[in-house]
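Chains, contacts and geometry: an overview
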Amino acid sequence: IFVLFFLCNFYLVSAAASKNRVKGSQGQFPLTQNVTVVEGGTANLTCRVDQNDNTSLQWSNPAQQTLYFDDKKALRDNRIELVRATWHELSISVSDVSLSDEGQYTCSLFTMPVKTSKAYLTVLGVPEKPQISGFSSPVMEGDLMQLTCKTSGSKPAADIRWFKNDKEIKDVKYLKEEDANRKTFTVSSTLDFRVDRNDDGVKVICRVDHESLNSTPQVAMQVLEIHYTPSVKIIPSTPFPQEGQPLVLTCESKGKPLPEPVLWTKDGGELPDPDRMVVSGRELNIIFLNKTDNGTYRCEATNTIGQSSAEYVLIVHDIPNTLLFTTIIPSLTTATVTTSVSISATTTTSATTSSRRDPNALAGQTGPDHALIGGIVAVVVFVTLCSIFLLGRYLARHKGTYLTNEAKGAEDAPDADTAIINAEGSQVNAEEKKEYFI
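The following paragraphs examine the structure supplied in this document.

Criteria and thresholds
Residues numbered from 1 in each chain as written. Predicted model: local features only at pLDDT ≥ 70, side-chain atom pairs only at ≥ 80, totals over all residues. Heavy atoms only, no water. Core = buried A, V, L, I, M, F, W, Y, C linked by side-chain atoms within 4.5 Å. Buried < 20%, exposed > 50% of the residue type's maximum accessible area, 1.4 Å probe, protein only. Helix = DSSP H or I, 4+ residues; strand = E, 2+ residues; numbered from the N terminus. Polar contact = N/O pair within 3.5 Å; in protein donor to acceptor, adjacent residues only side chain to side chain. Contact = heavy atoms within 4.5 Å. Salt bridge = Lys/Arg side-chain N within 4 Å of Asp/Glu carboxyl O. Pairing = 2+ DSSP bridges. Axes fitted to C-alpha atoms, helices over the stretch in contact; angles between N-to-C directions.

Turning to the nonpolar core, a few remarks are in order. Counting residues in each nonpolar core, the largest one holds 22 residues, and the members touching the most others are Leu57, Trp59, Ile92 and Leu121. Among the elements of the structure, β2 (35-38), β3 (43-49), β4 (57-60), β5 (66-69), β8 (89-94), β9 (103-109) and β10 (115-124) are those that each provide at least two residues to this core. At 4 residues, β3 tops the list of elements feeding residues into this core. Within the second largest apolar cluster, 19 residues are counted, among which are Ile234, Ile286, Leu289 and Val316.

This is the structure:
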């Protein structure tokens, strides 16, 4: 009887404990989170339980292989390690993650019944460094160029963008293909454009953007080399060449390949005076200008692509000179007045390039003021005439007085003695008249 009573009490106590354990396990739930990691990186899987009465936790992989049961390692894989194992948490790490590690991992809490939580591991495929193809150097001006940028191994598919001297080009073609492993992608983009001489030396950049690159895109660059015919321009050292001065004409030529040397001609033939006209590289030096240098000078540049030339029409201008006018004004006391008038004798001409316009003509230049010069000349002539008139009148008056005083009373005298006597008598009469007048 005693034994039966003890067994009954033990059964009742055990049943009550089991009932309490099941009731408590109903509030226990494992908690996990999805994880994203770059291929080759390390993934941390964590399973937590807020309330746990010493119930075991377990991690298993997508193939339902147990990785860790509490703190005991179940799968022999050196990449998998235990981070933390307590009644409330079981954390493990998987290093050197590959694309095959991607999938759904399970955390199990061994209650009655067993409770589980899922965590999905996403592995990102890193795109390979892009490569640009389709460029063959050199490219001739006007040719159609087609460049292709390609990258493989991205998961998900990467994005490709084109830039030309830091300016994005939108009109491109895009192609995405699945790799043989059926997990990653190969993407390519094609850029078509027609080149000109302004594209020479331009940097064309292909940029690959992907979430696995941590905001640091991968780039590939191609520097363009464009060959084109020369462009020629003649630059004079002075805009207004004058006789007696030196002149330097510079032949500025651009081309790819660079044309060297250049050819100088005058009026369709060779330079006429090699002693004064010296060619140094791209420069034509005329040491001492004169009127015989007038004409059309031509600079010609040639490279392997083609030929180009420019012309310059030279007209040598006269040297300004000064004219002097002198006016003599007679008076009672002789005086000379000199009036200087400076007249610049210039000739307005033109020196042109191939369009026959004069690049040497000074902006805003005007001819001499003819009205001012005419006024000055008129004043000088008037002063001269007035001076002559006054001088003549003075001389006439002076001559009349002299003849009257010396020959008074001698006009009717038959001889010299009578003339003297008459002159003396006239003086007496004059004195008498003078006294009578007074």
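From this point on, the discussion continues.
A few words on the side chain of Ser152. Residue position: Ser152 is located in strand β13 (residues 144-154). At 3.0 Å, the side chain of Ser152 forms a polar contact with the side chain of Thr186. Contact partners of Ser152, with chain neighbours within four places excluded, come to Val126, Pro127, Glu128, Phe185 and Thr186.

Our focus in this paragraph is the environment of Asn52. Its place among the elements puts Asn52 in the loop between β3 and β4. Measuring from C-alpha to C-alpha, the distance between Asn52 and Thr86 comes to 10.0 Å, with 34 residues separating the pair along the chain. Here the side chain of Asn52 touches Thr55 through a polar contact of 2.8 Å, landing on its backbone nitrogen.

We now examine unusual backbone geometry. For residues that are not glycine, phi is negative in most cases, and the peptide bond is trans in most cases. The omega torsion across Met112 and Pro113 is 0°, close enough to zero to call that bond cis. Residues Lys256 and Pro257 are joined by a peptide bond in cis, for which omega reads 0°. Of note, Pro257 is situated in the loop between β21 (247-256) and β22 (262-266). At Gln64, a residue that is not glycine, the phi angle is positive and equals roughly 65°. With relative accessibility at 52%, the residue Gln64 sits in the exposed group. A positive phi angle is found at Asp70, which is not glycine, with a value near 55°.

This paragraph deals with the pattern of salt bridges. Evaluation of the coordinates by the stated rule reveals 22 salt bridges. Arg79 is the partner of Asp77 in a salt bridge, and the nearest nitrogen-oxygen pair spans 3.3 Å. Looking at Asp77, the relative accessible area reads 18%, which means it is buried. The closest approach of N and O atoms between Asp209 and Arg207, which form a salt bridge, is 3.4 Å. What makes Arg207 partly exposed here is its relative accessible area of 23%.

Read across the open sheet, the 6 strands follow the order β2-β10-β9-β4-β5-β6; overall the sheet is mixed. A strand with exactly one partner marks an edge of an open sheet, and here the two such strands are β2 and β6 (72-73). In the sheet, β9 pairs with β10 via 7 bridges, with the strands oriented antiparallel. Across the sheet, Leu109 pairs through a bridge with Lys115, a residue of β10.

Okay, the sheet that holds strand β26 (residues 307-314) next. Strand order in the open sheet formed by 3 strands is β22-β25-β26, and the pairing between neighbours is antiparallel. Both edges of this open sheet fall to β22 and β26, since each of them pairs with a single strand only. The mean inter-strand angle of the sheet, taken between neighbouring strand axes irrespective of direction, is 20°. The pairing of β22 with strand β25 (residues 295-302) spans 5 bridges and is antiparallel. By the bridge assignment for β25, Trp264 is matched with Cys299.

These figures capture arrangement, not role.
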